[in-house]
Amino acid sequence: MIIRKTEAEVDKMAAAGAILVRTLEMISKKVRPGVTTAELDEAAEKFIRSQGAIPTFKGYRGFPATICASPNSMIVHGIPGPTVLRRGDIISVDVGVTLDGWVADAARTFPVGAISDEAQALLVTTEAALKAGAAEAKPGARIGDVSNAIQSRVEADGMSVVHSLVGHGVGREMHEPPEVANQGEAGTGIVLEEGTVIAIEPMVAIGGPDVTLDDDGWSVYTADRSLAAHFEFTVAVTAAGPRILTPWHESKESGDLDGS
Ligand code: MG
């Protein structure tokens, strides 16, 4: 069952989202050659707690850290540690923030110094797919409209949607119904109603769509070890249209959804 939120509850989730966006902006400034993913994690946890909020991921199903840090061919769920970022890497940073019992969830993939044209194209496509999906999150639309917008944008650029991993509803819990697939048919699936809040999170690979799970039980890689990127917004369906609760401001392809 989808738990719809009141306007006041959406505002609370937006407050969590504002802290999350500031966390990602802080992290983006620390992403550089030589930094470890553990250092990024430590900075994120310190910042989130300094705002009176809780790092949602820490302890979730035993996950040991505040951020998921997933470089290069790792798609999602990387455990921060001694991995040193090198020039030319890309690094997905996924963060959850809980404030006053309400969760926001978002991710961005950052370049580490100068990156290849191919890697840059992957980041641009994935972020554009996220925005295309989010733009469909309006009352009366169907979840398949969101999924199809993502898939269409990715496939137009000759890349693959990682379809075994999906977005989700979000609220007091990080994972609520509905599932938000990154591929699907427009006009199908549940109808989005005012007050539905979803985490839309395209995961995109330059190569094939298949994945493998690492022995650590968390890290998900592309099966062919091609580069992958991940961008995620928490989005509320409102009478006025999609409201991005985690709007970041720097972007290669800026659009109307970048926030106010
Ligand atoms: Mg998520």
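Worth saying up front: this structure is predicted, and the values here are computed from it rather than measured. Each chain has its residues counted from 1, following the order in which its sequence is written. Reporting in this predicted model follows two pLDDT cut-offs: at least 70 for local features of residues, and 80 or more for side-chain atom pairs to be given and counted; totals over whole chains, interfaces and linings ignore these cut-offs and use all residues. Side-chain measures were taken over the full set of non-hydrogen atoms in the model, leaving aside hydrogen atoms and water.

## Describing the coordination of the magnesium ion
Asp105 (OD), His168 (NE2), Glu201 (OE) and Glu232 (OE) make up the full set of protein donors to the magnesium ion, lying at 2.2 to 2.4 Å. Shown as donors are all N, O and S atoms within 2.8 Å of a metal ion, widened to 3.2 Å for Na, K and Ca; because water is not in the atom set, sites may appear incomplete. Along the chain, the residues donating to the magnesium ion are arranged with the sequence spacing D-x62-H-x32-E-x30-E. Here His168 is found in strand E7 (residues 167-169), whereas its partner Glu232 is found in the loop between strand E13 (228-230) and strand E14 (233-238), with 64 residues between them in sequence. Glu232 shares its class with His168; the two are buried. Numbering of helices and strands starts at the N terminus; helices are DSSP runs of H or I of at least 4 residues and strands are runs of E of at least 2. We call a residue buried when its accessible area falls under 20% of the maximum for its residue type, exposed when it is over 50%, and partly exposed in between, using a 1.4 Å probe and counting protein chains only.

## Considering the sheet that holds E13
Criterion used throughout: strands pair if DSSP finds at least two bridges between them. Overall, antiparallel pairing links the three strands, which are arranged E6-E10-E13 in an open sheet. Looking at strand neighbours, the two that pair on one side only are strand E6 (160-161) and E13, the edges of this open sheet. Of the strands in this sheet, strand E10 (203-205) and E13 are in contact with helix H3 (residues 117-134), which crosses E13 at around 35 degrees. We call two residues in contact when some of their heavy atoms are within 4.5 Å. Only C-alpha atoms enter the line fits that serve as axes; for helices the fit covers just the stretch in contact. Angles between N-to-C directions range over 0 to 180 degrees.

## Structural notes on unusual backbone geometry
With an omega of 5 degrees, the peptide bond running from Pro177 to Pro178 counts as cis. Mapped onto the secondary structure, Pro178 falls in strand E8 (residues 176-180). Although it is not a glycine, Asn72 sits at a positive phi angle of roughly 55 degrees.

## Remarks on the layout of surface pockets
Which parts of space are left empty comes out when a probe the size of a water molecule is rolled across the atoms. Any residue with an atom within 4 Å of a point lines the site, the site being either a cavity, points on a 1 Å grid over the protein atoms alone where a 1.4 Å probe fits but cannot get out, or a pocket, an open set with protein on both sides within 12 Å along at least 5 of 7 lines. Grid points are joined across faces, edges and corners, and a volume is the space filled by probe spheres set on the points. Within this model, the largest pocket holds a volume of roughly 490 Å³. In terms of lining, the largest pocket is formed by 25 residues, of which the most central are Tyr60, His77, His168, His175 and Glu201. Contributions of two or more residues to the lining of the largest pocket are made by E7 and E8. By residue number, the principal contributor to the lining of the largest pocket is E8, which donates four residues. Under the convention adopted here, Pro, Cys and the residues Ala, Val, Leu, Ile, Met, Phe, Trp and Tyr are nonpolar, Asp, Glu, Lys and Arg are charged, and Gly plus all remaining residues are polar. Taken together, the residues that form the lining of the largest pocket break down as twelve nonpolar, six polar and seven charged.

## Focus on the pattern of salt bridges
The rule for a salt bridge is simple: a side-chain nitrogen of Lys or Arg has to be within 4 Å of a carboxyl oxygen of Asp or Glu. Per the counting criterion, the structure on display carries eight salt bridges. Salt-bridge contacts for Lys5 lead to Glu176; the nearest nitrogen and oxygen are separated by 2.7 Å. Placement of the pair is Lys5 in the segment before helix H1 (7-30) and Glu176 in strand E8, with a sequence separation of 171 residues. Both residues of the pair, Lys5 and Glu176, count as buried. Linking Glu45 and Lys58 is a salt bridge whose minimum nitrogen-to-oxygen distance equals 2.7 Å. Taken together, the residues Glu45 in helix H2 (residues 37-50) and Lys58 in the loop between strand E1 (54-55) and strand E2 (67-71) connect sequence positions 13 residues apart. A relative accessible area of 38% means that Lys58 is categorised as partly exposed. Residues joined by salt bridges that share partners form a network here, namely Glu45, Arg49 and Lys58.

## Details of the packing of aromatic side chains
Any Phe, Tyr or Trp ring, taking Trp's six-membered ring, that has another such ring centre within 6.5 Å forms a pair; planes under 30 degrees apart are called stacked, those over 60 apart edge-to-face, and the others tilted. If you walk through the whole model with that rule in mind, you get three aromatic pairs. Note on Phe63 and Trp218: the rings are 5.0 Å apart at their centroids and 80 degrees apart in plane angle, and the pair reads as edge-to-face. Linking Phe63 in the loop between E1 and E2 with Trp218 in the loop between strand E11 (211-213) and strand E12 (220-222), this pair joins segments that are 155 residues apart in sequence. A relative accessible area of 3% means that Phe63 is categorised as buried. Note on Phe231 and Trp248: the rings are 6.2 Å apart at their centroids and 50 degrees apart in plane angle, and the pair reads as tilted. Here Phe231, found in the loop between E13 and E14, pairs with Trp248, found in the segment after strand E15 (241-244); they are 17 residues apart in sequence, far enough to count as distant. For Phe231, a relative accessible area of 2% translates into the label buried.

## What about the sheet that holds E11?
With antiparallel pairing, the three strands of this open sheet are ordered in space as E3-E12-E11. Taken across any chain shown, the strands that pair with only one partner, and hence form the sheet edges, are strand E3 (74-76) and E11. Averaged over all neighbouring strand pairs, the angle between strand axes comes to 40 degrees, with direction disregarded. In the sheet, E11 pairs with E12 via three bridges, with the strands oriented antiparallel. Along E12, the bridge assignment pairs Val211 with Thr222.

## Regarding helix H4 (residues 143-156)
Here the expected length of a helix is defined as 1.5 Å per residue gap, with one fewer gap than residues. With 14 residues, H4 ought to run about 20 Å at 1.5 Å a step, and its terminal C-alpha atoms sit 20 Å apart, in line with that. Taken residue by residue, H4 has Ile143, Gly144, Asp145, Val146, Ser147, Ala149, Ile150, Gln151 and Val154 as its buried positions. Phi turns positive one or two residues past the end of H4, at Gly158, with a value near 75 degrees.

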